[in-house]
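Residues per chain, in single letters:
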Amino acid sequence: MCDFPFFSLVCTGEIFELKAELNSDKKEKKKEAVKKVIASMTVGKDVSALFPDVVNCMQTDNLELKKLVYLYLMNYAKSQPDMAIMAVNTFVKDCEDPNPLIRALAVRTMGCIRVDKITEYLCEPLRKCLKDEDPYVRKTAAVCVAKLHDINAQLVEDQGFLDTLKDLISDSNPMVVANAVAALSEIAESHPNSNLLDLNPQTINKLLTALNECTEWGQIFILDCLANYTPRDDRESQSICERVTPRLSHANSAVVLSAVKVLMKFMEMLPKDLDYYGTLLKKLAPPLVTLLSAEPELQYVALRNINLIVQRRPEILKHEMKVFFVKYNDPIYVKLEKLDIMIRLASQANIAQVLAELKEYATEVDVDFVRKAVRAIGRCAIKVEQSAERCVSTLLDLIQTKVNYVVQEAIVVIKDIFRKYPNKYESVIATLCENLDSLDEPEARAAMIWIVGEYAERIDNADELLESFLEGFHDESTQVQLQLLTAIVKLFLKKPTETQELVQQVLSLATQDSDNPDLRDRGYIYWRLLSTDPVAAKEVVLAEKPLISEETDLIEPTLLEELICHIGTLASVYHKPPSAFVEGSRGVQHKRLPGSAGSADSPDTGSAAGVSEAPPAVIPSQGDLLGDLLNLDLTPPTTSGPPPAPSSGMQMGAMDLLGGGLDSLVGLLHLGGDLGGSPAMGAGFGAPPTAMPASFPPPVSGGLDDLFDLGGSVGITDLVYVQIWLPAMKAKGLEISGTFARRAGVIQMEMTLTNKAMSIMTDFAIQFNRNSFGLAPAGPLQVLTPVGPNQSIEVALPLSTVGPVMKMEPLTNLQVAVKNNIDVFYFSSQYPISMLFVEDGKMERQVFLATWKDIPNDNEAQFQIKDCHLNSDAASSKLQGSNVFTIAKRTVEGQDMLYQSMKLTNGIWVLAELRVQAGNPNYTVSTVHVRYIGLTGLVSSDLLPHADRRAAA
């Protein structure tokens, strides 16, 4: 027999035997039977058939047995709600047991059983436990209120539990206070406008008193709550900082980071000339340094948080450079993070030390780390001007090593140094030219070409060097081709008599022999400039360039402030606000540091915080071409004025997705809305022919006519009109056709990739530009085998809706970049709006009625759906398959009226009335209303002043 008898395999007839043992008169045998049941449940066996027998075992004084039974109940109550009610009387009885452990166990278990029928019985026992004499019971009941609020928020408010929870903040026991704060914070997060935690000096004093006696997790709850408080003045801010500072020496790193968050926020209100301000800065450094002695995973979290702190307050760690020096056994992710912080802390005082360290790193064996180290030397030169000469000397030493990837990285950063300090270090150009033949990476080749073109007058054989690149022009990457074109034009403007033939050759290659639209456009611009006004061409091409600024990938100041308020959370590790990665958040509160919103006394954060009169020009970091696709301007041209400037992907709430109202959304639903052949399908994206091939059906319009399509059966998945998105003639032999579908709640982009070229195609990848509904690939493009000539492969790419958002014209326009081993290709397509209708779009009747009544009668608009031979029931069924739900139906004067709701993936609700007259093939749709409910930070009703107007669907 094995050592774990309860988990051993049981023979056939186990359930029958367990049932007999559970009903045994012997207490010990009954307890052994319950243990066997729990063991079977733990390993995944279905023992729900024993539910009534296990429930009968609740009537016991044995605490161990009672815990086991409660554990079983929590697991199976949801699948057996009717049987679970049998246990209610025992719960109520146990809530009045003399033993506080049993009282707490009962109320905890009732809170974990998420069955609506049980919650109403929970109210009275919970009310008693919230006022129990034992603090253990009270702290358990406080957490139970948050659980009950998640199940039935209205019930909690009606029963007055929230007021009782607020009273517990004044409790004499610190753990009760901590759990009350945790419960209120949890509830407040799901209802950000409820103002549950009404913090005032008296409440703050109670929390600070409890802080010293709590467990470590209780301290975290209280510190996070304190971080949401804004002190009245600097004296109160200093007082809170003094009482929080002892938490910096806590053994738990989470407590330390929560304390740092509170101090970082309240320091904003302290005058810099205050003695305590300097003392606080000195106290913050040691705990942060101590965090770096933990295991690598904790080190990484600490380093990501330190990265934010250093950008805001570099003076905190300015004397601690050595702790960020890389150790030989650090994982690569820790090494790269330390390297970034070293650059942020680099100054004239420590630059010699930093450069010596970086030069050592450049001789490591890890290629990625070596590349970053070489780039870091260039960043030091740009940041600390006094060190530039020493940095250039170090880079030249590295070039002499003749290690290929080191040389190429060095040339890239020297180009940036030339841009920062023109006419200062050009003496090294001769050394760079010696390594011309060893360059094989596009970025390094482009950098070298830029140097030759920029300083052509100082290089005797500049024309020969550029001509050597020109020999394989069509084999070069786009980046190199563009740079080569510009460099030869610069050379021609500086030496026109010697290079006339060379410039004609490159212009011909760029405009006549190239398929790349960017290269053609630039070539035509240069050609026309040179042929019409050479003087103007010289002023444009050889104009004095603005100096680049410090290249440290600084986070935008507003975002940095928000991330500082989230120190110790996932947001501080991702360096993204919670709204960017938390799904289903009903309302996003953007936190700000006190006194920093445009106030005159806002603290000077120095250059490392990224706050200066002119924003720094940041040099793009190294990455493959696909990673930079979204940085390209893929927005289609418009004819009605300049395109709207896209807002930052992080600040999605600051954008009116629907422009001046609802017309752009509702127009997509309109039968007559023409979504085919948009302006976006223009020259920049490999436009398909104006006339579609006769063998293809008409383009997907995305309107209600699709939903009523008579040719298919019910459901969105049937709307599979295949289009050619990218013709082979525009993509060097790659043809992409496909459609969009929603299957089992997942939006899919179903594509057929056809190779009409003579070479094998591999290494496929895909990227979307920002778009109206945040569509983005949910995973990589799964093309697992090479596609040979005249072969096709079908791919289904699942899409998510959590990508960056930017309003498109038309709204459902999607701009796509596909990369393979040959090149990067761009195309534009439109997805049907019905793909975005989610499965939970059925609104409650009462909510629908109340919302419908709010619509003003004088704003009604109508349109017709013609030639649809379906009765109202068939139409309703057809639409439900496309997640358009019928809420109610009534018949007035022989005309059926269907009231329907649908919900988009970003939380926008659409309400409609569909009128169907028997025998009349024309339907009438009227009074569509769009309502903004929980838009997960993408759109807010205060940004959309027309949210209550009606428009044609």
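Looking up the protein in an unreviewed UniProt entry gives the name AP complex subunit beta, with the organism given as Sparus aurata. On record in UniProt, under Sequence similarities (unreviewed entry), the comment for the protein is "Belongs to the adaptor complexes large subunit family." Reading the Subcellular location (unreviewed entry) entry of the UniProt record for the protein gives the comment "Endomembrane system".

1. Let's talk about the overall build of the protein
The helix and strand tally for the protein stands at 36 helices and 13 strands. Long-range contacts, defined as pairs at least 24 residues apart, comprise 68% of the intrachain contacts of the protein with a sequence gap of at least 6. Here the protein has roughly 43300 Å² of accessible surface; of this, 51% comes from carbon and sulfur atoms.

2. Quick word on the pairing of strand S7 (residues 813-819)
Counting buried residues in S7 gives six out of seven residues, a clear majority hidden from the surface. Two elements, S7 and strand S8 (residues 824-830), share seven bridges in a ladder whose sense is antiparallel. Opposite Leu 814, over in S8, you have Ser 829 as the bridge partner. The antiparallel pairing of S7 with S8 creates a hairpin that spans four residues between the two strands.

3. Examining the pattern of salt bridges
Applying the stated criterion across every chain, the model contains 36 salt bridges. The partner of Lys 261 in a salt bridge is Asp 224, with the nearest N and O atoms 2.9 Å apart. Of this pair, Lys 261 sits in helix H16 (residues 253-266) while Asp 224 sits in helix H14 (residues 216-226), and the two are 37 residues apart along the sequence. Salt-bridge contacts for Glu 476 lead to Arg 445; the nearest nitrogen and oxygen are separated by 2.5 Å.

4. Describing the pairing of strand S12 (residues 908-917)
The element S12 is extensively covered by neighbouring structure, given that nine of its ten residues are classed as buried. Counted between consecutive antiparallel strands, the loop separating strand S11 (residues 895-903) from S12 contains four residues, among which Gly 907 sits at a positive phi close to 95 degrees.

5. Concerning helix H18 (residues 296-312)
An α-helix turns once every 3.6 residues. As a result, residues three or four positions apart point the same way. Under the 1.5 Å per step criterion, the end-to-end length of H18 is 24 Å for 17 residues, consistent within 8% with the ideal 24 Å. The buried fraction of H18 amounts to twelve of the 17 residues, a majority that puts the element mostly inside the structure. The complete set of buried residues in H18 reads Gln 299, Ala 302, Leu 303, Arg 304, Asn 305, Ile 306, Asn 307, Leu 308, Ile 309, Val 310, Gln 311 and Arg 312. At its buried positions, H18 is contacted by H16, helix H17 (275-291), helix H19 (332-345), helix H31 (557-564) and helix H32 (570-574).

6. Comments concerning the packing of H19 against helix H21 (residues 367-383)
Orientation of H19 relative to H21, taken along the N-to-C sense of each, is 10 degrees, at an axis distance of 10 Å. By the criterion of interaxial angle, the relationship of H19 to H21 is roughly parallel. The residues of H21 that touch H19, namely those facing Ile 332, Lys 335, Leu 336, Leu 339, Asp 340, Ile 343, Arg 344 and Leu 345, are Phe 369, Lys 372, Ala 373, Ala 376, Arg 379, Cys 380 and Lys 383. Grouping the constituent residues of the contact of H19 with H21 by class yields nine nonpolar, no polar and six charged.

7. Structural notes on the sheet that holds strand S5 (residues 776-777)
Judged by pairing direction, the sheet is antiparallel, and its five strands sit side by side in the order S1-S2-S3-S6-S5 without closing on themselves. Both outer strands of the open sheet, strand S1 (723-726) and S5, are each paired with one neighbouring strand and no more.

8. A closer look at the sheet that holds S8
Spatial ordering of the open sheet is given by S4-S7-S8, a layout of three strands whose pairing is antiparallel. Whereas interior strands pair on both sides, the edge strands pair on one side only; in this sheet they are strand S4 (765-768) and S8. Taken pair by pair, the neighbouring strands of this sheet meet at an average axis angle of 25 degrees, ignoring direction.

9. Examining the nonpolar core
Tyr 72, Leu 126, Leu 207, Leu 358 and Phe 418 are the most contacted members of the largest nonpolar core, which has 207 residues in total. It is helix H27 (residues 478-494) that provides the largest number of residues to this core, a total of ten residues. Both domains that furnish three or more residues to this core are identified here as domain 1 (346-439) and domain 2 (441-532). Those residues in contact with Phe 418, other than ones at most four positions away along the chain, are Tyr 425, Glu 426, Val 428, Ile 429, Leu 432, Trp 450, Ile 451 and Tyr 455. Core analysis: the next-biggest nonpolar cluster, separate from the first, contains 49 residues, Leu 726, Val 783, Ile 865 and Ile 908 among them.

10. Quick look at the environment of Met 83
Assignment of secondary structure puts Met 83 in helix H5 (residues 81-84). Non-local contacts of Met 83, meaning those with residues more than four positions away in its chain, are made with Phe 51 and Pro 52.

11. Remarks on H21
Helix length check: H21, at 17 residues, gives a terminal C-alpha distance of 24 Å against a target of 24 Å (1.5 Å per residue), a fit within 8%. For H21, a buried count of 14 out of 17 residues is recorded, marking the element as mostly surrounded by other parts of the structure. N-cap assignment for H21: the residue whose side-chain oxygen lies 3.2 Å from the backbone N of Asp 368 is Asp 366.

12. Comments concerning unusual backbone geometry
The peptide bond linking Glu 809 to Pro 810 adopts the cis configuration, its omega dihedral lying at -5 degrees. Within the secondary structure, Pro 810 is located in the loop between strand S6 (792-800) and S7. Notably, Lys 732 is not glycine yet its phi reads approximately 55 degrees, a positive angle. Inspection of the secondary structure puts Lys 732 in the loop between S1 and strand S2 (734-743). In the Ramachandran plot, Asp 763 falls in the positive-phi region, its phi being about 55 degrees despite a non-glycine side chain. Tracing the sequence through the fold places Asp 763 in the loop between strand S3 (746-755) and S4.

13. What about the environment of Phe 473?
Looking at where Phe 473 falls in the secondary structure, it is placed in the loop between helix H26 (462-470) and H27. Linking Phe 473 and Leu 485, residues twelve residues apart in sequence, is a C-alpha distance of 9.8 Å. The contacts of Phe 473, once residues within four sequence positions are left out, are Gln 481, Leu 484, Val 506, Leu 509, Ala 510 and Leu 519.

14. With respect to the packing of aromatic side chains
Taken as a whole and assessed by the stated rule, the structure comprises ten aromatic pairs. Their ring planes at 85 degrees and their centres at 6.4 Å tell us that Trp 450 and Tyr 455 sit as a pair that is edge-to-face. Each member of the pair, Trp 450 as well as Tyr 455, carries the same accessibility label: buried. Seen from their ring centres, Tyr 574 and Phe 581 are 4.8 Å apart, and the 90 degrees between their planes marks the pair as edge-to-face. A relative accessible area of 28% means that Phe 581 is categorised as partly exposed. Pairwise contacts between aromatic rings join Trp 725, Phe 740, Phe 827 and Tyr 831 into one cluster.

15. Details of the side chain of Asn 350
As for its position among the elements, Asn 350 is in the loop between H19 and helix H20 (351-361). Given the relative accessible area of 7%, Asn 350 is considered buried. If near-sequence neighbours (up to four positions away) are discounted, Asn 350 is found in contact with Lys 318, Met 321 and Leu 345.

16. What about the confidence of the model for the protein?
For the protein, the mean per-residue pLDDT works out to 77, and 80% of the residues sit at or above 70. In the model of the protein, helix H34 (residues 704-707) stands out as the element of lowest mean pLDDT, 44, in contrast to H18, which has the highest, 93. Predicted confidence for residues 596-719 stays below pLDDT 50, and this span has 267 contacts to residues more than four positions away or in other chains. Across residues 931-953 the pLDDT falls below 50, and counting only partners more than four positions away or on other chains, this stretch makes 76 contacts in the model.

Rules behind the numbers
- The residue count restarts for each chain, going from 1 along the sequence in the order it is written.
- pLDDT decides what is reported in this predicted model: residues at 70 or higher carry local features, side-chain atom pairs at 80 or more are listed and counted, and totals for whole chains, interfaces and linings draw on all residues regardless.
- As a rule here, side-chain values come from all non-hydrogen atoms in the structure, and water together with hydrogens is ignored.
- UniProt positions are given in the numbering used here, feature names are shortened, and annotations may be inferred rather than shown by experiment.
- Runs of E in the DSSP output that reach at least two residues are strands. Runs of H or I that reach at least four are helices, and both are numbered from the N terminus.
- Residue contacts are defined here by distance: any two heavy atoms, one from each residue, within 4.5 Å place the two residues in contact.
- In short, Shrake-Rupley with a 1.4 Å probe defines the accessible areas, and a residue's cover is counted only from the protein chains shown.
- Throughout, exposure labels follow a simple rule: accessible area from a 1.4 Å probe, protein chains only, divided by the maximum for the residue type, with under 20% read as buried, over 50% as exposed, and the rest as partly exposed.
- Pairing between strands requires that DSSP locate at least two bridges from one strand to the other.
- A pair is scored as a salt bridge if a Lys or Arg side-chain nitrogen falls within 4 Å of a carboxyl oxygen belonging to Asp or Glu.
- Expected span of a helix, by definition, is 1.5 Å for each gap between consecutive residues, and there is one gap fewer than residues.
- Simply put, an axis is a line fit to the C-alpha atoms, just over the touching stretch for a helix, and the angle between two N-to-C directions goes from 0 to 180 degrees.
- When describing relative orientation, an angle under 35 degrees is termed roughly parallel and one over 145 degrees roughly antiparallel, while 65 to 115 degrees is termed roughly perpendicular and anything else oblique.
- Residues are grouped as follows: Ala, Val, Leu, Ile, Met, Phe, Trp, Tyr, Cys and Pro are nonpolar; Asp, Glu, Lys and Arg are charged; all remaining types, including Gly, are polar.
- To qualify as a nonpolar core, a set must consist of buried Ala, Val, Leu, Ile, Met, Phe, Trp, Tyr and Cys residues joined through side-chain atoms within 4.5 Å.
- For the purposes of this description, domain bounds are those given by an automatic or database domain assignment.
- The definition of a polar contact used here is a pair of N or O atoms within 3.5 Å, where within protein one atom must be able to donate a hydrogen and the other to accept one, and adjacent residues in sequence count solely through side-chain atom pairs.
- Centres within 6.5 Å are what make two rings of Phe, Tyr or Trp a pair, Trp counting through its six-membered ring; a difference in plane orientation under 30 degrees is then read as stacked, over 60 as edge-to-face, and the rest as tilted.
- pLDDT expresses how confident the predictor is about each individual residue, on a scale running from 0 to 100.

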